[in-house]
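Listed below are the residues making up each chain.
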Amino acid sequence: MTEQGTPEAVARWLSLVAADAELSPYLIGVDRDRLTEQVEKALATGTDLPYLGWSEAEHRRAESYLRRRSFWEEVEDRCPGLLPERDAPLIEAALRRLTDGPDRPEKLALLSVLGRAYRRFGLRPEHQTVIDDALRTTVPWQRIELAATRAREGPAWWPVEVLDHDLACDGVAVITVRPWRRLPYRPGQAVPVCTPRRPGRWRWLCPANAPRPDGTVELHVRAVRGGAVSTSLVHQVRPGELLHLGPPTDTGLSLHDGDLLLIAGGTGLAPLRAIVEQVAAAPDGRRVTLIVGSRDVAGLYDAITLDKLQQAHDWLTVVPAFSHDPLSEPGERGDALTVALAHHRSGQQVYVCGPPVMLAGSRLRLLAAGVPGERIHLPDRIPWR
């Protein structure tokens, strides 16, 4: 190993290992700060990398990442000025993730970011071989080019600082971030989110608030089994850390005219609460009923904020729905959709957002209850959980 034990070299090594489909599992549960210190010491003293349980072949591959010139250096040699050095690690990690393993829902978020980056940095077919050579793999450029044709002009991502991290209930965190430059989104939209703790992995989340004067954005995250990004956001990320938000994307939950019946399950509350705040910013006489589904009282993670909203606006009615709480009031007992149908009135625009099991049959149930199809609004094209 060469003596390049700088924080930059170790950070690059960590990002490469984390983006490697076979090596990344060995980083799960590892103290990153301690590992960084150990790798810096190994580089400075010429000793072996710390043993993380990998095989001899995997260990050699991990060492090869230390000897390799950086992705940005190799691209810069052949295409000077193509990629900004500060952005190259994000692009590299995203491209590696795209080429690793089978398709997953997270790759829709990944392609959204890469499509915007392709346009933002003026990438062309003649650059593809250079980037493939630097990555030592073949990138599915056709998919990125297709995403680029759908992307609007603008930044590929917005760096944000974590201001507050609140573990609101078991497995759910409410995270407030401040973008370095204002994020241009509308209530109901989703944004890809990435943490440096999981390089190359992006996950869709919806801002839970309408745009604020100070530009801060609130995110509601549930840690899901097998969800590397959501687990890190809930259990590891702390105030002061850096995250990245990708370009906002429509989900089919934009505000329509008329009274509203909003039906939320779990963290599907986030975009619907943002819509409530949008109405509050410009009241127009409409009435809004928000049904908030939860298993029990302990799972109603945003109760204080919802209560404040209801106290401040006489046009807003908030009704909890408890699916597994036998002590709840009769009018609050049952799944969110069942409780919501008792509050449905003719002419309402009906929005539903929640986990897949909730969304799967919601349209059919609403149609059967007499809700016109054009008044039913569910998230589309975005993998909700």
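Rules used in this analysis
- The residue numbers shown here count from 1 along each chain, following its written sequence.
- It should be noted that, the model being predicted, local features are given only for residues of pLDDT at least 70 and side-chain atom pairs only at 80 or more, the latter also being counted only at that level, while totals for whole chains, interfaces and linings use all residues.
- With hydrogens and water excluded, all non-hydrogen atoms of the structure serve as input to the side-chain values.
- UniProt positions are given in the numbering used here, feature names are shortened, and annotations may be inferred rather than shown by experiment.
- Within this scheme, the nonpolar core is defined by two criteria: the residues are buried Ala, Val, Leu, Ile, Met, Phe, Trp, Tyr or Cys, and they are joined through side-chain atoms within 4.5 Å.
- Accessible area is worked out with a 1.4 Å probe on protein chains only. A residue is then buried under 20% of its type maximum, exposed over 50%, and partly exposed in between.
- A run of H or I in DSSP counts as a helix once it spans at least four residues, and a run of E counts as a strand once it spans at least two, with each numbered from the N terminus.
- Each domain span listed reflects an automatic or database assignment of domains.
- DSSP-based pairing: two strands are paired if at least 2 bridges between them are found.
- Think of each axis as a best-fit line through the C-alpha atoms, taken over the contacting stretch in the case of a helix, with angles from 0 to 180 degrees between the N-to-C directions.
- By definition, residues are in contact when any of their heavy atoms lie within 4.5 Å.
- With a 1 Å grid laid over protein atoms only, a set of points is called a cavity when a 1.4 Å probe fits there but cannot get out and a pocket when it is open yet has protein on both sides within 12 Å along at least five of seven lines; lining residues have an atom within 4 Å of a point.
- Grid points are joined across faces, edges and corners, and a volume is the space filled by probe spheres set on the points.
- Ten residues, namely Ala, Val, Leu, Ile, Met, Phe, Trp, Tyr, Cys and Pro, are considered nonpolar, four, namely Asp, Glu, Lys and Arg, are considered charged, and the remaining ones, Gly among them, are considered polar.
- A pairing counts as a salt bridge when a side-chain nitrogen of Lys or Arg comes within 4 Å of a carboxyl oxygen of Asp or Glu.
- Just so you know how the angles are binned, under 35 degrees is roughly parallel, over 145 roughly antiparallel, 65 to 115 roughly perpendicular, and the rest oblique.
- Handedness of a helix crossing follows the sense of rotation of the near helix relative to the far helix, less than a right angle counterclockwise being left-handed and clockwise being right-handed.
- The criterion for an aromatic pair is that two Phe, Tyr or Trp rings (for Trp, the six-membered ring) have centres within 6.5 Å, with stacked assigned to planes under 30 degrees apart, edge-to-face to planes over 60 apart and tilted to the rest.

By the naming in an unreviewed UniProt entry, the protein goes by Oxidoreductase and is assigned to Micromonospora sicca. What UniProt records for the protein under Cofactor (unreviewed entry) is the sentence "FAD".

Caption draft 1: Summary view of the nonpolar core. Of all hydrophobic cores here, the largest spans 38 residues; its most connected members are Leu95, Ile144, Trp157 and Trp202. Only helix H4 (71–78), helix H5 (88–99), helix H6 (106–120), helix H7 (125–135) and helix H8 (141–150) provide two or more residues apiece to this core. A total of 7 residues in this core trace back to one element, the largest contributor, which is H6. Residue contributions to this core reach at least three from each of two domains, namely domain 2 (71–150) and domain 3 (158–245). Listed in part, the 25 residues of the second largest apolar core include Val276, Val288, Leu290 and Leu300.

Caption draft 2: Region of the structure containing the sheet that holds strand E5 (residues 217–222). The strand order across the open sheet built from 6 strands is E4-E3-E6-E1-E2-E5, with neighbouring strands paired in antiparallel fashion. Edge strands, defined here as strands with exactly one partner in the open sheet, are strand E4 (203–205) and E5. The sheet shows a mean angle of 40° between the axes of neighbouring strands, direction not considered. Where strand E3 (residues 191–194) meets E4, 3 bridges bridge the pair, whose relative direction is antiparallel. When the sheet's bridge partners are listed, Pro192 is paired in E4 with Trp204. Strands strand E1 (158–169), strand E2 (172–179), E3, E4, E5 and strand E6 (242–245) of the sheet are contacted by helix H9 (residues 228–235), whose axis makes an angle of about 115° with E5.

Caption draft 3: Empty space enclosed by the protein, seen in detail. For the structure on display, the rule yields 3 cavities of 30 Å³ or more. Volume-wise, the second largest cavity comes out at about 50 Å³. Every residue lining the second largest cavity is listed: Ile91, Leu95, Leu114, Ala117, Tyr118, Phe121, Leu123, Trp141 and Ile144. If you list the elements that add at least two residues to the lining of the second largest cavity, you get H5, H6 and H8. If you tally residues by element for the lining of the second largest cavity, the top one is H6, at 3 residues. Taken together, the residues of the lining of the second largest cavity break down into 9 nonpolar, no polar and no charged.

Caption draft 4: Structural detail: the sheet that holds strand E10 (residues 349–353). Across the sheet, 5 strands lie side by side as E9-E8-E7-E10-E11; this open sheet has parallel pairing. Here the strands that pair on one side only, and so sit at the sheet edges, are strand E9 (316–322) and strand E11 (376–377). Two elements, E10 and E11, share 2 bridges in a ladder whose sense is parallel. The residue bridging Val350 from the neighbouring strand is Ile376, located in E11. Contacts from helix H10 (residues 269–281) reach strand E7 (260–265), strand E8 (288–294), E9 and E10 within the one sheet, and its direction differs from that of E7 by about 150°. Contacts from helix H11 (residues 303–312) reach E8 and E9 within the one sheet, and its direction differs from that of E9 by about 150°.

Caption draft 5: Seen up close, the pattern of salt bridges. Here the structure, examined in full by the defined rule, presents 14 salt bridges. Here Arg273 and Glu277 are joined by a salt bridge, their closest N and O atoms 3.3 Å apart. Of this pair, Arg273 and Glu277 both sit in helix H10, separated by 4 residues, roughly a single helical turn. Its relative accessible area of 1% is what places Arg273 among the buried residues.

Caption draft 6: Quick look at the environment of Leu49. Mapping Leu49 onto the fold places it in the loop between helix H2 (32–45) and helix H3 (56–67). A relative accessible area of 5% means that Leu49 is categorised as buried. Sequence separation between Leu49 and His59 is 10 residues, and the spatial gap between their C-alpha atoms is 8.2 Å.

Caption draft 7: Structural view of the packing of helix H1 (residues 7–19) against H3. Axis separation between H1 and H3 bottoms out at 9 Å; the angle between their running directions is 140°. Here H3 runs oblique to H1, going by the angle between their axes. In this structure, H1 crosses over H3, and the sense of that crossing is right-handed. Contacts from Arg12, Trp13, Leu16 and Val17 of H1 reach H3 at Ala62, Tyr65 and Leu66. Classifying every residue of the contact of H1 with H3 by side-chain character gives 6 nonpolar, no polar and 1 charged.

Caption draft 8: Main features of the packing of aromatic side chains. Counted according to the given criterion, the structure contains 3 aromatic pairs. With a centroid separation of 5.8 Å and an interplanar angle of 70°, the aromatic rings of Tyr26 and Trp54 are classed as edge-to-face. Remark: Trp54 occurs in the loop between H2 and H3 and Tyr26 occurs in the loop between H1 and H2; sequence separation between them is 28 residues. Look at Tyr26 and you get partly exposed, because its relative accessible area is 24%. With centroids separated by 6.2 Å and ring planes inclined at 55°, the aromatic side chains of Tyr118 and Trp141 adopt a geometry described as tilted. Here the residue Tyr118 occupies a position in helix H6, and Trp141 occupies one in helix H8, the gap between them amounting to 23 residues. Trp141 sits in the buried class, given a relative accessible area of 7%.

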